Each structure stands twice: as structure tokens, then as C-alpha cells.
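# Understanding the architecture of this molecule
These are the residues of each chain, in order.
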Amino acid sequence: MSRRSILVATGWVATAAVATLIGLGAIRLVGESITGTPGGVRSEAEIERALASLEPLPAATTSATPTSPGATSGAPTASSGVRRGFATDGGTAVAECGAGGVRLVSWAPAQGYRVRDVDRGPDDDVEVTFEGSAREYELKVRCIGSEPVAVADD
């Protein structure tokens, strides 16, 4: 082998070794930032302290009497009027009675349905319309006393 061939081979091996070391260092640096836990890993004691600092949720009671076909009863909240959940084949909604009347707190269409129209209130009555390819469901709610109740269309 000639001297020139030995120099070329030595140079190639040195270059490959340096490139490999740089690559491994970059992978380690990037890998830690990708797989590392933001803020570090928390201990069980830290988690217990964080949970203890949260305000407790108010106790709730439920009623098992539905207000109309397809409706289910919800639970009152401590901060406002009575809340009640309602379910149709087209979707679900939660309504609440308060000082301004009834209002829709939340609503969600069932699979295969979409929300076509919402009157969230507060008002004398509120409604949400769930529209599917074959059928449409309109849920109309009004307060009777201090409780939200599903009502039939007028």
C-alpha cells in the first residue's frame, strides 16, 4: 500500500469518528428536550400538596325523576340556580334557571348530528336544534319554579 492510500484511509476514519461523535451528542441533546417532562417529574408529596390547594367541589344531589321523555335530571349547583341535563337522540344539553331566566350551560350533538341552531338565553325559554341526515331534534327548555323543564313545541 502506498503512503498516500494510508493517509486517505486515516483521514476518512478520523472524519467518520468525529461526525459520529457530533451526531451522538446532538441526538442526546435533542432527545432530552423531546422526551423530557416539562417542569420535571413531580413527587407524590408535590402532587398531594397541589391537590390539597384546590377548592373542593360543592356536594350535589340528584333527582331520578325525568321531566319529559328523553330527559334526565341533573344536580343543583351551589353558585346558581338548579341545573338539569336533557338528552335526545340528537344530542344532550344542560340548562340552568337563574335570576335572568333559563340559560343553556352546554350542549353537544350525538354522533351523526350537528347543532343547527342555538338560543342559549338567558330568557323565558331556550332551545337547541340537533340536525341529522334523517331527522331533526329540537330541545326547548323553560323554568317552572326554579327548575329547568323540557317543554313541547308550541
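Anything mentioned here points back to the structure above.
Anyway, here's the lowdown on the structure attached to this text. Note that the structure is predicted; figures quoted are calculated from it, not measured.

Our focus in this paragraph is the sheet that holds strand β2 (residues 91–98). Pairing within the open sheet is antiparallel, and its three strands lie in the order β1-β2-β3. Where the open sheet ends on each side, the last strands, each with one partner, are β1 (83–87) and β3 (101–109). Pairwise comparison of adjacent strand axes, ignoring direction, gives a mean angle of 20° for this sheet. Here β2 pairs with β3 via eight bridges, running antiparallel. Looking at the pairing, Gly91 lines up with Pro109 of β3.

What follows deals with the nonpolar core. In summary, soluble globular proteins display a tendency toward joint burial of nonpolar side chains. Membership of the largest hydrophobic core comes to 13 residues, with the highest contact counts inside it found for Phe86, Ala95, Val102, Leu104, Val128, Leu139 and Val141. Among the secondary structure elements, those contributing two or more residues to this core are β2, β3, β5 (125–132) and β6 (136–144).

It is worth spelling out the pairing of strand β7 (residues 147–151) at this point. Of the pairings in the sheet, the one linking β6 to β7 comprises five bridges and is antiparallel in character. Note that in β7 the partner of Cys143 across the bridge is Pro148.

About the criteria used
Once a new chain begins, its residue numbering starts again from 1 and follows that chain's sequence as written. Local features in this predicted model are restricted to residues of pLDDT 70 or higher, and side-chain atom pairs are both shown and tallied only at a pLDDT of 80 or more, whereas totals for entire chains, interfaces and linings draw on every residue. To obtain the side-chain values, all non-hydrogen atoms of the structure were included, while hydrogens and water were left out. When DSSP finds two or more bridges between two strands, those strands count as paired. What counts as a helix is a DSSP run of H or I of at least four residues, what counts as a strand is a run of E of at least two, and both are numbered from the N terminus. Every axis corresponds to a line fitted to the C-alpha atoms, with the helix fit spanning only the stretch in contact, and the corresponding angles, defined between N-to-C directions, vary from 0 to 180 degrees. What we call a nonpolar core is a set of buried Ala, Val, Leu, Ile, Met, Phe, Trp, Tyr and Cys residues that are connected through their side-chain atoms within 4.5 Å. Each residue's exposure class comes from its accessible area (1.4 Å probe, protein chains only) as a fraction of the maximum for that residue type: buried when under 20%, exposed when over 50%, partly exposed otherwise.

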